[in-house]
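Examination of the molecular architecture
Each chain is listed here by its residues.
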Amino acid sequence: MNKLFVLIFIFFFHSNLYAIELNGNFNQGNLIRGKTDTKSKIFMDGKELKVSKEGFFVFGISKDRKNDILIKIIEKGTTKEIIKKVYKKKYSIQRIDGLPKKQVTPPKEVYERIKADNKIISEARLVNTDLTFFNKDFILPLKNSIITGVYGSQRILNGIPKSPHYGLDFAAKEGTKIIAMLDGVVTMAQKDLYYTGGTIIFDHGHGVSTLYMHLKDVLVKKGQGIKQGDVIGTVGKTGRSTGPHLDIRLNWFNMKLDPKSVLN
Ligand SMILES: [Zn+2]
């Protein structure tokens, strides 16, 4: 990870030493990874975070969050609070015209299928394991890649504003090998979802997951453990895609985060 963004806060309170390390900048859409004393309890927005036996924890900052983040640390019965300001991110607007109508508004007969797809994606993202792979440095999913779409950009398709784009798009030739950005366990591997086509979701622990979509070949199976750098599939244009490209997603449970916040 980019150590430029490593911030270390050390607090002294009633002669107790509070040590908490927060990695990542507090921008909208970012994933924040931290380390604390293994016996500490950490709360974010009043919600207790899982602390691993090594002291690792993680949380996300939602795309449009405006208010400060309150982090509460309870150590040896004493409470300390940290308030972090959230920095705004600029999101762009992207217009794509001339798309076939069925690509802009799905036909009624596929509504049930879309609902079922969303359900399995959501369930895979809600997995909350003790894995701590999220703490490692991510690598890019393609050897040579050009980013063509970014997180938070809103698309106006044939003049109709759609929900924001939560992924990072990479232009690549159909069939290009895709590698795992991080160690993980496959929680979903599907060949043909309506929007996302060939789709893989990896669990990296504590609610952190990554998703790869529009794949031509899906080369992993649910339950499989994958090492960073392993080939997991190939670039395609499956699902609703305007052409061959890879779209990746980063989530903290169902909170959609900016994959760029973990990639250099
Ligand atoms: Zn995309």
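The preceding data block contains the structure.
Residues numbered from 1 in each chain as written. Predicted model: local features only at pLDDT ≥ 70, side-chain atom pairs only at ≥ 80, totals over all residues. Heavy atoms only, no water.

1. Thoughts on the overall build of the protein
Spelled out, the test is: Think of it this way: any DSSP run of H or I at least four residues long counts as a helix, any run of E at least two long counts as a strand, and we number them from the N terminus. Here the radius of gyration uses the C-alpha set of atoms, whereas the globule reference equals 2.2 Å times the residue count to the power 0.38. Note on classification: 1.4 Å probe, protein chains only; a residue is buried when its accessible area is under 20% of the maximum for its type, exposed when over 50%, partly exposed between these limits. Here, residues are in contact when the closest pair of their heavy atoms is within 4.5 Å. Each accessible area is a Shrake-Rupley estimate made with a 1.4 Å probe; only the visible protein chains count as cover when residues are assessed. The charge count includes Lys and Arg as positive and Asp and Glu as negative, but it does not include His or the ends of the chains. The atom standing in for a charge is NZ when the residue is Lys, CZ when it is Arg, CG when it is Asp and CD when it is Glu.
Scanning the protein from N- to C-terminus turns up two helices and 21 strands. Taken against the 2.2 N^0.38 rule, which gives 18 Å for 264 residues, the C-alpha radius of gyration of the protein at 19 Å falls within 12% of a compact globule. Taken along the three principal axes of its C-alpha coordinates, the protein extends 65 × 40 × 35 Å. Relative to its 264 residues, the protein shows a buried fraction of 47%. Residue pairs in contact within the protein that sit at least 24 positions apart in sequence constitute 65% of those at least 6 positions apart. When the accessible surface of the protein is split by element, carbon and sulfur atoms take 54% of a total near 13,400 Å². Separation between the mean location of the 43 positive side-chain charges and that of the 25 negative ones in the protein comes to 3 Å.

2. Side note on the sheet that holds strand 9 (residues 93-96)
Under the convention used in this document: Here the rule is simple: two strands pair whenever DSSP picks up at least two bridges between them.
Pairing is mixed in the open sheet, where three strands are placed in the order 9-11-12. Looking at the sheet topology across the chains shown, the edges are occupied by strand 9 and strand 12 (160-161). Note that strand 11 (residues 154-157) and strand 12 share two bridges and pair antiparallel. Each bridged residue has a counterpart across the sheet, and for Leu 157 the counterpart in strand 12 is Ile 160.

3. Comments concerning the nonpolar core
If you look at soluble globular proteins, the nonpolar side chains tend to sit buried side by side. This is how it is decided: Buried residues of nine kinds, namely Ala, Val, Leu, Ile, Met, Phe, Trp, Tyr and Cys, make up a nonpolar core once their side-chain atoms join them within 4.5 Å.
Phe 59, Ile 71, Tyr 212, Ile 232, Leu 246 and Trp 252 are the most contacted members of the largest nonpolar core, which has 47 residues in total. In terms of nonpolar packing, the next biggest core, distinct from the first, is built from seven residues, Ala 124, Met 188, Leu 193 and Met 213 among them.

4. Here we look at the sheet that holds strand 7 (residues 69-75)
For sheets, the rule is that strands pair by backbone hydrogen bonds, running either parallel or antiparallel. Short version of the rule: Between N-to-C directions, angles cover 0 to 180 degrees, with each direction set by a line fitted to C-alpha atoms, over the stretch in contact for helices.
If you trace the four strands from one edge of the open sheet to the other, you get 5-4-7-8, paired in antiparallel fashion. The strands lining the two open edges of the sheet, one partner per strand, are strand 5 (47-49) and strand 8 (78-84). Ignoring strand direction, the axes of neighbouring strands in this sheet form an average angle of 30°. Sheet topology places strand 4 (residues 41-44) next to strand 5; three bridges connect them, and they run antiparallel. Paired with Phe 43 across the strands is Glu 48, a residue of strand 5.

5. Looking at the coordination of the zinc ion
In plain terms, the rule: Listed donor atoms are N, O and S within 2.8 Å of the metal (Na, K and Ca: 3.2 Å). As water is not included, a site may look incomplete. A site with four donors is called tetrahedral when every donor-metal-donor angle falls between 85 and 135 degrees; four donors are called square planar, and six octahedral, when opposite donors sit more than 155 degrees apart and all other angles fall between 65 and 115; any other arrangement is irregular.
Listed as protein donors to the zinc ion are His 165 (NE2), Asp 169 (OD), Asp 169 (OD) and Asp 247 (OD); their distances from the metal cover 2.0 to 2.8 Å. Between the four donor atoms coordinating the zinc ion, the angles at the centre fall across 51 to 152°, so the site counts as irregular. All donors of the zinc ion come from a single chain, and their spacing in sequence reads H-x3-D-x77-D. Taken together, the residues span a long stretch of sequence, with Asp 169 in strand 13 (residues 168-171) and Asp 247 in strand 20 (residues 245-252) at a distance of 78 residues.

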